[in-house]
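Listed below, chain by chain, are the residues.
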Amino acid sequence: MNEDAAKAVTRAEYCVVACAEAWRDAGEVLASPMGLVPTAGARLAKLTFAPDLLLTDGEATLMGDVPALGAASKVSEGWLPYRRHLALVTGGRRHVMMGASQLDRHGNQNISCIGDWKRPGRQLLGVRGAPVNTLNNPTSYWIPRHSPRVLVERVDMVCGVGYDRAAAAGPSATRFHHVRRVVTDLAVLDFETPDRTMRVRSLHPGVTPAELREATGFPLAVPDDVPYTREPTPRELRLIREVVDPAGLREREVPR
């Protein structure tokens, strides 16, 4: 991509590409993205380097096409009622990208409450299916606002299970546990360290190491040679803008 085209790439588009990369080489698994940018990422992956990825309409139908965000699917590939969806989860044939109200350095996620769960200061979604997701199939996270309120030293309640708690629970918890990727509006992070704590995989262009550290609620090592999140190819950029999200809905989650 030439310099002028690269300058035109928005932060939201870098985030879409980073989310798509979470499903690279995933094979025939069900993608369950939560949020506009992750959904755009899953659809971009399906159209490019992950053609076997399974996508749903968010209800009970496997889509045989890749509609734009907000548009209805016109081709149904299969029926996926709730009970069959759960069977995919417990069988490890699903990769979910969830949100997180809080996420700590070990990958523990909270979407239930802020404060003491006996008397929380704020009630959120609840635990939902987060424990089953994290213990049975690959899980990634999407955080559209990277801040010390979200990336915290210790979550107030564990919903999605992190590496430290899975290890403490033993082989039954670690057998299929894999927190693959964390994508935020500032960076891409993972847990590919000896002690399975969060590390910086890439910074989005325009983000400085100091900015990332300041926005994180625990000490985060940012190597001097940390790369930038890769540029979208011309084809990927065209697909994002003309096929996957022509209405520009991605900018709602990550404004220009």
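Residues numbered from 1 in each chain as written. Predicted model: local features only at pLDDT ≥ 70, side-chain atom pairs only at ≥ 80, totals over all residues. Heavy atoms only, no water.

Structural notes on the overall build of the protein
Alright, step 1. Regarding its fold elements, the protein presents 10 helices and 12 strands.
Alright, step 2. Its C-alpha atoms give the protein a radius of gyration of 18 Å, near enough to 18 Å, the size a compact globule of 256 residues would have.
Alright, step 3. Expressed along its principal axes, the backbone C-alpha trace of the protein runs to roughly 45 × 45 × 35 Å.
Alright, step 4. Burial analysis of the protein (256 residues in total) assigns 51% to the buried set.
Alright, step 5. Restricting to contacts in the protein with at least 6 residues of sequence separation, those with at least 24 account for 66%. (Helix = DSSP H or I, 4+ residues; strand = E, 2+ residues; numbered from the N terminus. Rg over C-alpha atoms; globule rule 2.2 N^0.38 Å. Buried < 20%, exposed > 50% of the residue type's maximum accessible area, 1.4 Å probe, protein only. Contact = heavy atoms within 4.5 Å.)

Details of the packing of aromatic side chains
Alright, step 1. Under the criterion given, the structure shown has one aromatic pair.
Alright, step 2. For the pair tyrosine 163 and phenylalanine 191, a centre-to-centre distance of 5.6 Å together with 45 degrees between the ring planes defines the contact as tilted. Taken together, the residues span a long stretch of sequence, with tyrosine 163 in helix α6 (residues 163–169) and phenylalanine 191 in the loop between β11 (187–190) and β12 (199–203) at a distance of 28 residues.
Alright, step 3. The ring of phenylalanine 49 has arginine 24 sitting right over it, with the charged end atom 3.8 Å from the ring centre. (Phe/Tyr/Trp six-rings, centres within 6.5 Å; stacked < 30°, edge-to-face > 60°. Lys NZ or Arg CZ within 6 Å of the ring centre and 35° of its normal.)

Quick notes on the pattern of salt bridges
Alright, step 1. If you walk through the whole model with that rule in mind, you get 13 salt bridges.
Alright, step 2. If you follow the salt bridges from partner to partner, you end up with Glu13, Arg241, Asp245, Arg250 and Glu251 in one network. (Salt bridge = Lys/Arg side-chain N within 4 Å of Asp/Glu carboxyl O.)

Some details on the sheet that holds β11
Alright, step 1. Strands sit in the order β1-β4-β9-β10-β11-β12 across an open sheet of six strands; the sheet is mixed. A strand with exactly one partner marks an edge of an open sheet, and here the two such strands are β1 (30–33) and β12. On average, each strand axis in the sheet is inclined to that of its neighbour by 20 degrees, with strand direction left out of account.
Alright, step 2. Contacts from helix α2 (residues 11–21) reach β4 (94–98), β9 (139–143), β10 (179–184) and β11 within the one sheet, and its direction differs from that of β10 by about 175 degrees.
Alright, step 3. Seen against the sheet, helix α3 (residues 36–47) touches β1, β4 and β9 and runs at an angle of roughly 155 degrees to β1. (Pairing = 2+ DSSP bridges. Axes fitted to C-alpha atoms, helices over the stretch in contact; angles between N-to-C directions.)

As for the packing of α2 against α3
Alright, step 1. Following both chains from N to C, one finds α2 and α3 inclined at 60 degrees, their axes separated by 7 Å at the closest point. In terms of orientation, α2 lies oblique with respect to α3. Crossing geometry of α2 relative to α3 is assigned as right-handed. From α2, Cys15, Val16, Val17, Cys19 and Ala20 reach across to α3, where they touch Val37, Pro38, Ala40, Gly41, Leu44 and Ala45.
Alright, step 2. Within the contact of α2 with α3, the residues separate by chemical class into 10 nonpolar, one polar and no charged. (Parallel < 35°, antiparallel > 145°, perpendicular 65-115°, else oblique. Left-handed = near helix turned anticlockwise from the far one by under 90°. Nonpolar A, V, L, I, M, F, W, Y, C, P; charged D, E, K, R; others polar.)

Focus on the environment of arginine 201
Alright, step 1. Here arginine 201 is to be found in strand β12.
Alright, step 2. Under the relative-accessibility criterion, arginine 201 is labelled partly exposed at 32%.
Alright, step 3. Taking the C-alpha atoms as reference, arginine 201 lies 23 Å from arginine 94; in sequence the two are 107 residues apart.
Alright, step 4. Setting aside anything within four residues of it in sequence, one finds arginine 201 in contact with Arg181, Val188, Leu189, Asp190, Glu192, Val226 and Pro227.

A closer look at the environment of alanine 173
Alright, step 1. Relative to the helices and strands, alanine 173 resides in helix α7 (residues 171–174).
Alright, step 2. For the pair alanine 173 and tyrosine 163, spaced 10 residues apart in the sequence, the C-alpha separation amounts to 9.6 Å.
Alright, step 3. The contacts of alanine 173, once residues within four sequence positions are left out, are Leu135 and Ala166.

Observations concerning the packing of α3 against helix α9 (residues 234–244)
Axis angle and axis distance: for two packed helices, these are the angle between their axes and the distance between the axes, and together they describe the pair.
Alright, step 1. α9 packs onto α3 with a crossing angle of 120 degrees between their chain directions and a minimal axis gap of 10 Å. The angle between α3 and α9 falls in the class oblique. The hand of the α3/α9 crossing is right-handed. On the side of α3, the interface is formed by Ala40, Arg43, Leu44 and Leu47, while α9 contributes Arg235, Glu236, Leu239, Ile240, Val243 and Val244.
Alright, step 2. Of the residues belonging to the contact of α3 with α9, the class tally is seven nonpolar, no polar and three charged.

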